[in-house]
Amino acid sequence: MPGAAVSTPPATERGPRAWWRGLSRSLRRTLIGGTLLAVVVVGVLLARWLSAENAERAADLAFVRAETRGDVEAMLNGISGCRADQKCVAQVHDLAGNARFHRTGAVKLLQVESDTAHSLFGATGKTRLAWTTLGGKPVVQCVVVKRTGNPLTGIDVELLSVSAPIANTGKCHRETEIERLEREATEAELGHKLAH
């Protein structure tokens with residue numbers, strides 16, 4: 001009805017705003033400061049954790065660049081403890097002598113599939129590394145990687161071994177049951193399409 005009186009809510013406020021206003025100024029400042037500090041700490045820990053991914057890519061890239069140059073010394077330096085292991089030294093010499101690796105141009109990492117990716121407290125596992133140089137055919141290798149440390153103290157990455165090239169569709173780990181089922185379904189689907 002026009003001209004009817006509008007009822008006003010009671011004077012006592014409820015909800016988060018009322019709760020916040022009921023706090024003393026010093027407590028509000030303490031809560032804001034604590035929240036900001038928590039955000040900064042979480043951000044720093046997250047940045048350190050994510051930097052481990054970059055550290056592995058950098059180690060992989062440095063090794064591949066040494067391979068393309070045939071630089072045995074840099075390759076030996078790139079694999080932790082390799083100089084003390086004659087089998088590792090022999091493998092590095094084989095890799096350095098592999099004509100498939102000797103290329104010019106910028107190296108591009110096409111794919112890095114790491115079993116140790118996003119590990120918070122260290123792990124050892126295989127990484128499937130696919131790389132090429134501009135205009136060259138892709139090369140796929142398996143790299144055994146060890147991560148140590150944690151987000152507080154920092155995460156270190158070491159390459160423990162690098163394989164000879166594998167097939168471009170090859171895997172560096174045993175096929176899981178899910179991967180096997182997906183592969184078989186894909187093969188069956190492709191076979192069905194080719195039959196028609």
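Residues numbered from 1 in each chain as written. Predicted model: local features only at pLDDT ≥ 70, side-chain atom pairs only at ≥ 80, totals over all residues. Heavy atoms only, no water.

As a further point, take the overall build of the chain. Secondary structure assignment for the chain yields five helices and four strands. Reading the chain from its N terminus to its C terminus gives the helix and strand order α-α-α-α-β-β-β-β-α. Projected onto its principal axes, the C-alpha positions of the chain cover 95 × 55 × 35 Å. The buried share among the 196 residues of the chain stands at 27%. For the chain, restricting intrachain contacts to residue pairs at least 6 apart in sequence, the fraction spanning at least 24 positions comes to 54%. As displayed, the chain has an accessible area near 13,100 Å², and 60% of this comes from carbon and sulfur atoms. Of the charged side chains in the chain, 25 are positive and 20 negative; the average position of the first set lies 11 Å away from that of the second. (Helix = DSSP H or I, 4+ residues; strand = E, 2+ residues; numbered from the N terminus. Buried < 20%, exposed > 50% of the residue type's maximum accessible area, 1.4 Å probe, protein only. Contact = heavy atoms within 4.5 Å. Areas by Shrake-Rupley, 256 points an atom, 1.4 Å probe, with all protein chains shown as cover. Lys, Arg positive; Asp, Glu negative; His and termini not counted. Charge placed at Lys NZ, Arg CZ, Asp CG, Glu CD.)

We now examine helix α2 (residues 25–69). With 45 residues, α2 extends 65 Å from end C-alpha to end C-alpha; this agrees with the ideal 66 Å at 1.5 Å per step. Of the surrounding elements, those touching the buried residues of α2 are α3 (72–78), α4 (86–97), β1 (107–114), β2 (123–133), β3 (139–150) and β4 (154–162). Gly 70 sits one or two residues past α2 and shows a positive phi near 70 degrees. (Expected span 1.5 Å × (residues − 1).)

With that settled, the discussion passes to the sheet that holds β2. Read from one edge to the other, the open sheet built from four strands follows the order β1-β2-β3-β4, with strand pairing classed as antiparallel. The open sheet has two edge strands, β1 and β4, and neither has a second partner. Taking the axes of each pair of neighbouring strands and ignoring which way they run, one obtains an average angle of 35 degrees across the sheet. On the sheet, α2 packs against β1, β2, β3 and β4 and is oriented at approximately 30 degrees with respect to β4. (Pairing = 2+ DSSP bridges. Axes fitted to C-alpha atoms, helices over the stretch in contact; angles between N-to-C directions.)

Here α4 contains twelve residues, and its C-alpha end-to-end distance of 16 Å stays within 8% of the 16 Å for a straight helix at 1.5 Å per residue. Lining the buried residues of α4 we find α2, α3, β3 and β4. Where α4 begins, one side-chain oxygen reaches toward the backbone nitrogen of Lys 87, 3.1 Å away; that side chain belongs to Asp 85. (Polar contact = N/O pair within 3.5 Å; in protein donor to acceptor, adjacent residues only side chain to side chain.)

Let us now look at the pairing of β2. Within β2, eight of the eleven residues are buried, which leaves the element mostly enclosed by the surrounding structure. Of the strand pairs in this sheet, β1 and β2 are connected by seven bridges, and their pairing is antiparallel. Paired with Val 107 across the two strands is Thr 133, which belongs to β2. Here nine bridges tie β2 to β3, and the two strands are oriented antiparallel to one another.

One pass over the structure, following the stated rule, counts two disulfides. Between Cys 82 and Cys 88 runs a disulfide, and the two sulfur atoms are separated by 2.0 Å. Taking the torsion about the S-S bond as the criterion, the Cys 82 to Cys 88 disulfide, at about -110 degrees, is left-handed. Of the two residues, Cys 82 and Cys 88, neither departs from the other in class, the shared state being buried. (Disulfide = S-S within 2.5 Å.)

Glancing now at the environment of Val 72. Looking at the element boundaries, Val 72 is found in helix α3. Between the alpha carbons of Val 72 and Leu 95 there is a distance of 8.7 Å; along the sequence they are 23 residues apart. Discounting residues that sit within four places of it in the chain, Val 72 has contacts with Val 92, His 93 and Ala 96.

Applying the stated criterion across every chain, the model contains two aromatic pairs. Ring geometry for Trp 19 versus Trp 20: centroids 6.2 Å apart, planes at 45 degrees, classification tilted. On the numbers, 5.8 Å between centres and 35 degrees between planes, the contact of Phe 101 with Trp 131 is tilted. Taken together, the residues Phe 101 in the loop between α4 and β1 and Trp 131 in strand β2 connect sequence positions 30 residues apart. In this structure, Phe 101 and Trp 131 share a single accessibility class: buried. (Phe/Tyr/Trp six-rings, centres within 6.5 Å; stacked < 30°, edge-to-face > 60°.)

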